[in-house]
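Breakdown of the fold
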Amino acid sequence: MITHENCIFHLRTESYSYLFRVNGYGILEHLHFGNPICTSDAAAFTCVPGLGWGGSVLLDEQDTGSCLDALPLEWSGSGRGDYRESPVELDGKATDFRYVGYEILDGIVPMALPQAKDGGETLVITLEQKGARLYLYYTAFETALTRHVVLENTGKTSIAVTKLMSQCVDLPGHFEMTSFHGGWIAEMGKTTVPVNASRVVNESTTGASSNRHNPGFLLGESGAGEDHGRVYGFNLVYSGNHYASAQRSLQGLTRVMQGISPDHFAMTLAPGERLETPEAVLCWSDKGCNGLSRNMHRFVNEHIVPKYWRYRHRPVLYNDWEGCMFDFNHRRLISLAKKAKDIGCELFVLDDGWFGQRDHDKAGLGDYTVNRKKLPKGLEGLSKEIRGLGMEFGLWFEPESVNIDSDLYRAHPDWALTDDFAPVLGRHQLLLDLTKAEVRDYIVENVSRILDQAQITYVKWDMNRHSIALGAKAHAFVVGLYEVLDRIFSPRPQILLESCSSGGNRFDLGMLCFSPQVWCSDNTDPISRLDIQGGLSYLYPQSAFGAHVSAAPHAQTLRTTPLSTRGNVAFFGVLGYELDLNHLLPVEVQEIKAQISFYKANRKLFQFGTFRRSENGWQVLGGDVAIASVFHKQMDAAPGYEQLRVPGLTAQRPYRVRSLEQTLRVGQFGALVKHVAPVNLDPNGVVLRTVDHHYTMPDGVQTCIASGAALESGIMLLPLFRGTGYDKNQRTQLDFGSNLYLIEAEE
Ligand code: GLA
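Anyway, here's the lowdown on the structure attached to this text. (Residues numbered from 1 in each chain as written. Predicted model: local features only at pLDDT ≥ 70, side-chain atom pairs only at ≥ 80, totals over all residues. Heavy atoms only, no water.)

**What to know about the overall build of the protein chain**
Looking only at helices and strands, the protein chain has 15 helices and 40 strands in total. Here the protein chain holds 747 residues, and 60% of them are scored as buried. Within the protein chain, contacts between residues at least 6 apart in sequence are counted, and of these 70% link residues at least 24 apart. Accessible area for the protein chain stands at about 28,200 Å²; split by element, carbon and sulfur atoms hold 52% of it. (Helix = DSSP H or I, 4+ residues; strand = E, 2+ residues; numbered from the N terminus. Buried < 20%, exposed > 50% of the residue type's maximum accessible area, 1.4 Å probe, protein only. Contact = heavy atoms within 4.5 Å. Areas by Shrake-Rupley, 256 points an atom, 1.4 Å probe, with all protein chains shown as cover.)

**Points about the pairing of strand S12 (residues 186-195)**
Looking down a regular strand, the side chains alternate between one sheet face and the other. For strand S11 (residues 175-183) and S12, the ladder comprises eight bridges, and the chain directions are antiparallel. The residue of S12 that forms the bridge with Met-177 is Val-193. Linkage of S11 to S12, two consecutive antiparallel strands, is achieved through a turn of two residues, within which Ile-185 is found at a positive phi near 55°. (Pairing = 2+ DSSP bridges.)

**Some points on the packing of helix H7 (residues 437-453) against helix H8 (residues 471-489)**
Viewed as axis vectors pointing N to C, H7 and H8 meet at an angle of 30°, and their least axial separation amounts to 10 Å. Here H7 lies roughly parallel to H8, going by the angle between them. Here H7 and H8 pass one another in a crossing that is right-handed. On H8, the residues that touch Arg-440, Asp-441, Ile-443, Val-444, Val-447, Ser-448 and Leu-451 of H7 are Gly-480, Glu-483, Val-484, Arg-487, Ile-488 and Phe-489. Considered class by class, the residues forming the contact of H7 with H8 number seven nonpolar, two polar and four charged. (Axes fitted to C-alpha atoms, helices over the stretch in contact; angles between N-to-C directions. Parallel < 35°, antiparallel > 145°, perpendicular 65-115°, else oblique. Left-handed = near helix turned anticlockwise from the far one by under 90°. Nonpolar A, V, L, I, M, F, W, Y, C, P; charged D, E, K, R; others polar.)

**Side note on the site of the ligand**
By nearness alone, 13 residues border the ligand, and Asp-351, Asp-352, Arg-427, Lys-460 and Asp-522 come closest of all. Between the ligand and the protein, one listed contact pairs an oxygen atom with a side-chain N or O atom of Asp-522 at 2.6 Å. For the ligand, whose unbound accessible area comes to 310 Å², protein coverage reaches 95%. Grouping the constituent residues of the shell around the ligand by class yields four nonpolar, three polar and six charged. (Near = heavy atom within 4 Å. Polar contact = N/O pair within 3.5 Å; in protein donor to acceptor, adjacent residues only side chain to side chain.)

**Focus: the side chain of Asp-508**
Considering the arrangement of structural elements, one finds Asp-508 in the loop between strand S27 (496-499) and helix H9 (509-512). Buried charge without a salt bridge: Asp-508, with Arg-506 as the nearest opposite-charge side chain at an N-O distance of 5.4 Å. There is a polar contact of 2.8 Å between the side chain of Asp-508 and the backbone nitrogen of Met-511. Asp-508 has contacts with Ser-209, Pro-215, Tyr-238, Ser-239 and Tyr-540, leaving out every residue within four places of it along the chain. (Lys, Arg positive; Asp, Glu negative; His and termini not counted. Salt bridge = Lys/Arg side-chain N within 4 Å of Asp/Glu carboxyl O.)

**Observations regarding the sheet that holds strand S40 (residues 738-745)**
Pairing is antiparallel across the open sheet formed by six strands, whose spatial order is S31-S32-S33-S40-S35-S38. At either end of the open sheet lies a strand with only one pairing partner, and these are strand S31 (610-613) and strand S38 (703-707). Sheet twist, expressed as the mean angle between neighbouring strand axes with direction ignored, is 20°. Against the sheet, helix H10 (residues 526-536) makes contact with S31, strand S32 (618-622) and strand S33 (625-631), and its axis sits at roughly 45° relative to S32, the strand it touches most.

**Describing the environment of Asp-82**
The topology assignment puts Asp-82 in the loop between helix H1 (42-45) and strand S5 (88-90). Taking the relative accessible area as the measure of exposure, Asp-82 reaches 4% and is therefore buried. Taking the C-alpha atoms as reference points, Asp-82 and Asp-69, separated by 13 residues in sequence, lie 3.9 Å from one another. When sequence neighbours within four positions are dropped, the list of residues in contact with Asp-82 reads Leu-68, Asp-69, Leu-73, Ser-76, Gly-77 and Arg-255.

Printed below as a string of structure tokens:
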């Protein structure tokens, strides 16, 4: 609900109140963003007069309360007394936008993206200065609010825009900023720094949202933790260069702004023209980071991902990339597809290498002719046979790029995005200039044709080099990309799109408006994924995470981890398998079959359940069922007891807690096998190897009944291995072990 009373605007939902007022100078003063309150409380949040101090600049010499620098503001400018960072820079001059009026719109206001969002009520505040109007948009959703601005040139001369943020707000309090940084195969490393007088900036300048600095971040009040304390969350519905900053003033106000990065940004607005910024997302919780994540997850699941896919379950897929890379043919794919079907996969995805001269990553990008040497029956023939096996068929594309060694580049070298210098390549490729209509048409026509011909129900949309375009062109590239995605996928809503950029190099809300899931990282090592998926979970729901089980030792870390842990981590996302199925041992096939069938039985909970990060793992909760995991990294000698704490269930209700059946491979004990086997076996001998491939030993099976209250307090888990031989009533856990517990209400 949005109300306007006595110059006070109030956006109120069940989860938050957001209040600001128009003061006597037509300046917007921020009052409150936090727990739901009454509009009549507004006075309690208003700053008392007498704000100006020392040499501060006053808007009105007679009024000490007119010092902009000391007020909590909803928007600001420069050159009028507010010395803090300005969210707008026009013609390199002072700006002074004042209130003119407002409007409340029912329901939908499309954001800068062509993909319209729905729900919510929208407040539009109009501010004005000579020659320009600024519209501030606020849309109230149940658990989050969004803000963006539109700048209009109402004058007679052009305006040079070098900075225009989507939102700016001054929040009282001491904060720490948690943001997420990294690079290829090391995405989403969590960093927390205090926000003080020095400006803390979270920015991307690669042309895309990037794995260096995800656009989403948190501001937690000092002392806030996972389950307690006040935390604000911010994100941006945008896939290009982004910027966010936080800085605390002497008065204890933290200015937070977000928008397109001003780095090299320059746009000229001719008279009558408008510039619309992407939507910023603002969220709040007093239940710690987990509470904040719940609010963000709900917002993304209900308002960001395409309508068709909201809360719709996602198939378990098999992707051929890590198993085959570029080395495949029709026969090999069909044989893999049969095995994938046998273990329980529902969708077969053919990754890179199916087109042009694509036998390596130096050629072929930009071409859409099927490589008949590898696929003599074409994609139609392949897809038909795969569907005949009872699986759906998905395909990899990388439409934004071109190799110099491609028919497309030979025909249209001018379609590549270049600058005044010799081209510089990334993964041997250039980007196509999506600001050109003919380039966009080429992509839309070719991708659409193939999707329809081969009855494709899933697309992996990759992008392996980032833009070199600067300024207005960088923004126009992103807008061009959104147009392309909209034209291809809006008429085909049932196609599941998974976007990717060398893994998670473009994991953002802009892409999620089109692709309900994103490939988190080329690193599928479960121990790395604890950080990658764990980092993402602060801002994005697990239904958005492409999470695959792959081979061990792992291609990116050389780490060997148990298959159980690889499954247990990938379960908390959209499960897939990406390894050569021909190399699986009989015991592994059995284990994978059990994993997929467990995942399918609990898919709704894993993909859409309420997610929680606990002290020792991840949990999902839905109604009266929960699944909780416990993850270990390096094991200590003689480890202490471990508890499982699962809050959120019904206190008085009894629950059955069952560990997911896990087994131990005999072979991994080497010479120690004499402690567990009745006969003395050669640790390097053929007998032990054969036994290892076919038989496993039960491990740490635990079943008990506990009330919701007991689970909230924490139940005891079976002890871990303590150096005293095998015992099936302990968890004989090696490094990187894990357990999963299914908690169901007892009838
Ligand atoms: C990128 C992706 C991988 C795979 C390869 C194919 O690196 O992240 O998953 O699709 O491209 O070339």
